[in-house]
Amino acid sequence: QVQLVESGGGLVQPGGSLRLSCAVSGSIVSIDRMGWFRQAPGKQRELVATITRFGITTYLNSVKGRFTIFRGNAKNPVYLKMNSLKSEDTAVYYCKITADGYDYWGQGTQVTVSS
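Residues numbered from 1 in each chain as written. Predicted model: local features only at pLDDT ≥ 70, side-chain atom pairs only at ≥ 80, totals over all residues. Heavy atoms only, no water.

> So what's going on with the packing of aromatic side chains? Which residues, and what values?
Applying the stated criterion across every chain, the model contains four aromatic pairs. When the ring of Phe-70 is compared with that of Tyr-79, the centres are 5.2 Å apart and the planes differ by 10 degrees; the resulting orientation is stacked. For Tyr-79, a relative accessible area of 13% corresponds to the buried category. Put simply, the rings of Phe-37, Tyr-94 and Trp-105 pair up and form one aromatic cluster. (Phe/Tyr/Trp six-rings, centres within 6.5 Å; stacked < 30°, edge-to-face > 60°. Buried < 20%, exposed > 50% of the residue type's maximum accessible area, 1.4 Å probe, protein only.)

Listed below in structure tokens is the structure:
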């Protein structure tokens, strides 16, 4: 049974930074792509950033230049570095890994940007 567990969220002031991690347990053979999504209260879940196994990245326009998605290792295959955080970045952030014909999701980690 594959499980993803995000970590690194928390309360941060505007302009601050956080780094989110996605830990994997269970058996994943081949990762196709990975990504980070977020969902704010009353809003639809939106794609924040993606990266393929070959390193091709995409970003939500509103986070471009502030957030960076990058690959790690087998236990923590994907990270999201968030700089210059704004109040509108407040959301639950989810890791998603597409591998072996399935989409795996983490439980989410809360990011709150507030004074």
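> Describe the pattern of salt bridges, with residues and values.
Counted by the stated rule, this structure contains four salt bridges. A salt bridge links Asp-89 to Arg-38, with the nearest nitrogen and oxygen atoms 2.9 Å apart. Taken together, the positions of Asp-89 in the loop between strand S8 (78-82) and strand S9 (91-99) and Arg-38 in strand S4 (residues 31-39) put the pair 51 residues apart, joining distant regions of the chain. A residue is classified by how much of its surface remains accessible, and Asp-89, at 0% relative accessible area, is buried. By relative accessible area, Arg-38 is classed as buried at 5%. Close ionic contact of Arg-66 with Asp-89 constitutes a salt bridge, the shortest N to O distance being 2.8 Å. (Salt bridge = Lys/Arg side-chain N within 4 Å of Asp/Glu carboxyl O. Helix = DSSP H or I, 4+ residues; strand = E, 2+ residues; numbered from the N terminus.)

> An account of the state of the cysteines is needed here, citing residue identities and associated values.
What we call a disulfide is simply a covalent bond connecting the sulfur atoms of a pair of cysteines. In total, this model carries one disulfide according to the counting rule given. The disulfide partner of Cys-22 is Cys-95, and the gap between their sulfur atoms is 2.2 Å. A torsion of -85 degrees about the S-S bond marks the disulfide between Cys-22 and Cys-95 as left-handed. Within this pair, whereas Cys-22 is found in strand S3 (residues 18-25), its partner Cys-95 is found in strand S9, the two being separated by 73 residues in sequence. On the basis of relative accessible area, Cys-22 is assigned to the buried category, the value being 0%. Take Cys-95: its relative accessible area is 0%, and that puts it in the buried class. (Disulfide = S-S within 2.5 Å.)

> I'd like a rundown of the sheet that holds strand S7 (residues 67-71), residues and numbers included.
Within the open sheet, the four strands sit side by side as S1-S3-S8-S7. Their pairing is antiparallel. At either end of the open sheet lies a strand with only one pairing partner, and these are strand S1 (3-7) and S7. Strand-to-strand twist across the sheet, computed as the mean angle between neighbouring axes with direction ignored, equals 15 degrees. Relative to S8, S7 runs antiparallel, the two being bridged by five bridges. Counted as the bridge partner of Thr-68 is Lys-81 from S8. (Pairing = 2+ DSSP bridges. Axes fitted to C-alpha atoms, helices over the stretch in contact; angles between N-to-C directions.)

> Summarise the pairing of S9; cite the residues concerned and give the values.
The buried count for S9 comes to eight of nine residues, which makes it a mostly enclosed element. Where S4 and S9 come together, eight bridges link them in antiparallel fashion. In the sheet register, Gln-39 faces S9, and the bridge partner there is Val-92. Bridge count between S9 and strand S11 (residues 109-113): three bridges; the pairing is antiparallel.

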